[in-house]
Amino acid sequence: MNKEDLKIVFFGTPEFAVESLDALVKNGFNVAAVVTMPDKASGRGQKVSYSAVKKYALEHSLPLLQPEKLKDEAFVQALRDVAADLFIVIAFRMLPEVVWAMPPLGTFNLHGSLLPRYRGAAPINRAIMNGDAETGVTTFFLKHEIDTGDIIDRVSIEVGPNENAGSVHDRLMMLGAELTVKTVESILNGTLTTRPQSSFTDEAPTPAPKIFKEDCRIDWTLGASQLHNHVRGLAPYPAAWTDISFEGPEGEHQYSVKVLETRIADECKGLEAGKLVLQHKKVYCGTGDGTSLELVTVQPSGKRPMPAADFIRGLRPEEKGLNLWFV
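Everything in this summary refers to the structure shown in the same document. Everything numeric in this text was worked out from a predicted model, so none of it was measured.

Calculation notes
- Residues numbered from 1 in each chain as written.
- Predicted model: local features only at pLDDT ≥ 70, side-chain atom pairs only at ≥ 80, totals over all residues.
- Heavy atoms only, no water.
- Core = buried A, V, L, I, M, F, W, Y, C linked by side-chain atoms within 4.5 Å.
- Buried < 20%, exposed > 50% of the residue type's maximum accessible area, 1.4 Å probe, protein only.
- Helix = DSSP H or I, 4+ residues; strand = E, 2+ residues; numbered from the N terminus.
- Contact = heavy atoms within 4.5 Å.
- Expected span 1.5 Å × (residues − 1).
- Polar contact = N/O pair within 3.5 Å; in protein donor to acceptor, adjacent residues only side chain to side chain.
- Phe/Tyr/Trp six-rings, centres within 6.5 Å; stacked < 30°, edge-to-face > 60°.
- Lys NZ or Arg CZ within 6 Å of the ring centre and 35° of its normal.

## Quick notes on the nonpolar core
Then, in step 1: Counting residues in hydrophobic clusters, the biggest one holds 39 residues, and the most contacted among them are Ile88 and Val184.
Then, in step 2: Here this core takes 11 residues from helix α6 (residues 165-189), the largest share from any one element.
Then, in step 3: Excluding anything up to four places from it in sequence, valine 184 contacts Leu6, Ile8, Leu24, Phe29, Leu86, Ile88 and Phe108.
Then, in step 4: Counting residues in hydrophobic clusters, the runner-up holds 30 residues, among them Trp220, Val231, Val259 and Ala309.

Spelled out as structure tokens, the structure:
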């Protein structure tokens, strides 16, 4: 079988999936259909928005399916009619067995972690939030339990101590596209081998559940290193957040602020957890272990990201007699 004869159905939604889809198309593989999420209406005008994968499919005239329900018989029959040899899933919903068991060569997934570590919806964020110095991408065949199938291949990268989820996402997106093509080629050439996840005995399965707003809240009683990892693991999106408290002669007020970039500081040690100070044009906040965290970039509620020092200076704390705290 050659590339043109190998019929592929590609399942995906966000930009992370587009890079792999584009790599398949540019390498001459036969993408017989693309499956993505239904269109969404959002905003005041309820403007309809397309997924990144749909935009790509339309631009390249690829057949498109957008099922509301993955077990819908009309959708399942449409897939059968494609008569694909292989399904590829990247950043999509969990597929029912009636779908993933359909193609004769199987269904494989590209996942943004070194499985069995970080099974779940937010592997990139969770790895950085936990301070991992290494992560990567994995291709594996689907089975009943989510992210537990036999591993086809893995590629790892180092994560810098100040690198955030956005930059790691982009690097893994590119690396994942290369791995997707390599995996399809190994299936096509009959050179594919797999390993059960249980054979990676030095890497315990780790959950990576979906991130909700309350998961992003900053707990200033934690140590500086934990807080730094929390911030960069959520930057630039969905972003760590905290409330800033203004204590002064006119009473106390507070509102939410996103913290987008930090550095572990050697200066201003011994500040109380959450206490903010502006010193030598830099902003420091106390943490639970006595080491301060320098705030580099913040985003006040309703405003654009800005240097933390500009934000604090704009509050005029000395002129107004304010004590500033993160709570």
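Read on, since the account is not over.
## A look at α6
Then, in step 1: Here α6 is 25 residues long and its end C-alpha atoms lie 35 Å apart, about the 36 Å a rise of 1.5 Å per residue gives.
Then, in step 2: Between the side-chain oxygen of the N-cap and the backbone nitrogen of glycine 166 there are 3.0 Å, and the N-cap of α6 in question is asparagine 164.
Then, in step 3: Glycine 190 occupies a position one or two residues after α6 and carries a positive phi of about 75°.

## Quick notes on the packing of aromatic side chains
Then, in step 1: A full pass over the atoms with the stated rule returns four aromatic pairs.
Then, in step 2: Ring geometry for tryptophan 220 against phenylalanine 326: centres 5.1 Å apart, planes inclined by 15°, an arrangement best described as stacked. Of the two residues, tryptophan 220 sits in the loop between α6 and α7 (224-233) while phenylalanine 326 sits in strand β16 (residues 323-326), which places them 106 residues apart along the sequence. Per residue, the accessibility class of tryptophan 220 equals that of phenylalanine 326, and both read buried.
Then, in step 3: An aromatic cluster of three or more residues is present, and its members are Phe11, Phe87 and Phe92.
Then, in step 4: Its guanidinium or amino end placed over the ring of phenylalanine 29, lysine 3 lies 5.0 Å from that ring's centre, counting from NZ or CZ.
Then, in step 5: Taking the ring centre of tyrosine 50 as reference, the NZ or CZ of lysine 54 above it sits at 3.8 Å.

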